[in-house]
Amino acid sequence: MSSGRGSGGHGGRRGKKHEEEEHENHERWAVSYADMMTVLVGLFIVLYAMSNVDQVKYEQLRDSLAAGFGNGQPSILEGNVGTLDGVERFEISPTLREDVAEAQAGPAVEDPDAPEEADTTAADARTMALAEQEYGRLEGIATQIANALDDEGLADRVRFRITERGLFIGMVADDVFFSPDSSRLTGTAERIVDTIAPVLVGLDEEISVEGHANVLPSTRYPTNWELSSDRATQVLRRLVETGRVPGGRIAAVGFGESRPLDSADDLNANRRVDLVVLSDAPETVRELLPRIAATDPGVS
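All of the points below concern the structure found in this document. Nothing here was measured: the structure is a model prediction, and the numbers come from that model.

About the criteria used
- Residues numbered from 1 in each chain as written.
- Predicted model: local features only at pLDDT ≥ 70, side-chain atom pairs only at ≥ 80, totals over all residues.
- Heavy atoms only, no water.
- Helix = DSSP H or I, 4+ residues; strand = E, 2+ residues; numbered from the N terminus.
- Phe/Tyr/Trp six-rings, centres within 6.5 Å; stacked < 30°, edge-to-face > 60°.
- Lys NZ or Arg CZ within 6 Å of the ring centre and 35° of its normal.
- Expected span 1.5 Å × (residues − 1).
- Buried < 20%, exposed > 50% of the residue type's maximum accessible area, 1.4 Å probe, protein only.
- Salt bridge = Lys/Arg side-chain N within 4 Å of Asp/Glu carboxyl O.

For D181, which is not glycine, the phi dihedral falls at a positive 60°. You can see D181 is positioned in the loop between β2 (166–171) and α6 (187–201). Despite not being glycine, R244 shows a phi value in the positive range, around 65°. Inspection of the secondary structure assignment puts R244 in the loop between α7 (224–242) and β4 (250–254).

As enumerated under the stated definition, the model contains zero aromatic pairs in all. The ring centre of F168 lies 4.2 Å from the NZ or CZ of R161, which sits over that ring.

Its 15 residues give α6 an end-to-end C-alpha distance of 22 Å, which sits within 8% of 21 Å, the value for a rise of 1.5 Å per residue. Three or more residues of α6 are buried, namely A189, I192, V193, T195, I196, A197, V199 and L200.

This part is about the pattern of salt bridges. This model, assessed by the stated rule, comprises nine salt bridges. With a shortest N-O distance of 3.8 Å, R238 and E190 are connected by a salt bridge. Remark: E190 occurs in helix α6 and R238 occurs in helix α7; sequence separation between them is 48 residues. D194 serves as the salt-bridge partner of R238, at 2.8 Å between the closest nitrogen and oxygen. With R238 in helix α7 and D194 in helix α6, the pair connects residues that are 44 residues apart, well separated along the chain. The partly exposed category is assigned to R238, whose relative accessible area is 23%. One salt-bridge network, held together by shared partners, links E134, R137 and E205.

Below you can see the structure in the form of structure tokens.
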């Protein structure tokens, strides 16, 4: 008997525990409902905030968009009901109209026929003034050399001209400086070089000694390039070794027969050496020197 009651009591407790484990929570819907209500409240707050439109900013936006799309009288938004009723038309400010007009017109295109601006004209005037100053300085050097040669009775043995490179001192004369197919300086050539040297010593500019030859082929040199280079070198050596011209400011170059004077048939004239006082002025200034030289009868 006792064992039977014990078994029955144990079985009753086990059934009660099983019923408690299978109990369901029927209030779980309340959590989802609360979440949904929170979301709805947030939505209504956002909608209410969006309904309060700044009327002035809205009208500016409306009119500027209408003007930007080419519609001067916006009509899509007019007559609407709701919070926009009774809003008076807002005139676009002049500044906003200019911005819209520039956006419609696109980037400005310069007119090539338009007159130059004042600052450009002033810059050109300054450049021309500097060019005239540089031309006058080079012309002064030519005058010094011409006077020195005139004192020695050699004024007609040298020609001057001013180009965008500087002052050209052309040693051109018939059989005076070099014999045919020769680079040896004659006595007259040495006197002229020695007379020019003191003026060149007092300058700061670099000097280019440029040798030339006529079209006749050389029999003593492989080509006229070597002949013209040797003529330039002999003049350079005379200027440096006898005339004391600083070697760091002078160089020699040969052009062969590639740069003749007015006529390639002038055999004697193209048997020559040019001394070039190289201008150190800016390129924009040097470009104007030939224009000034064209109007000056003194130096050509």
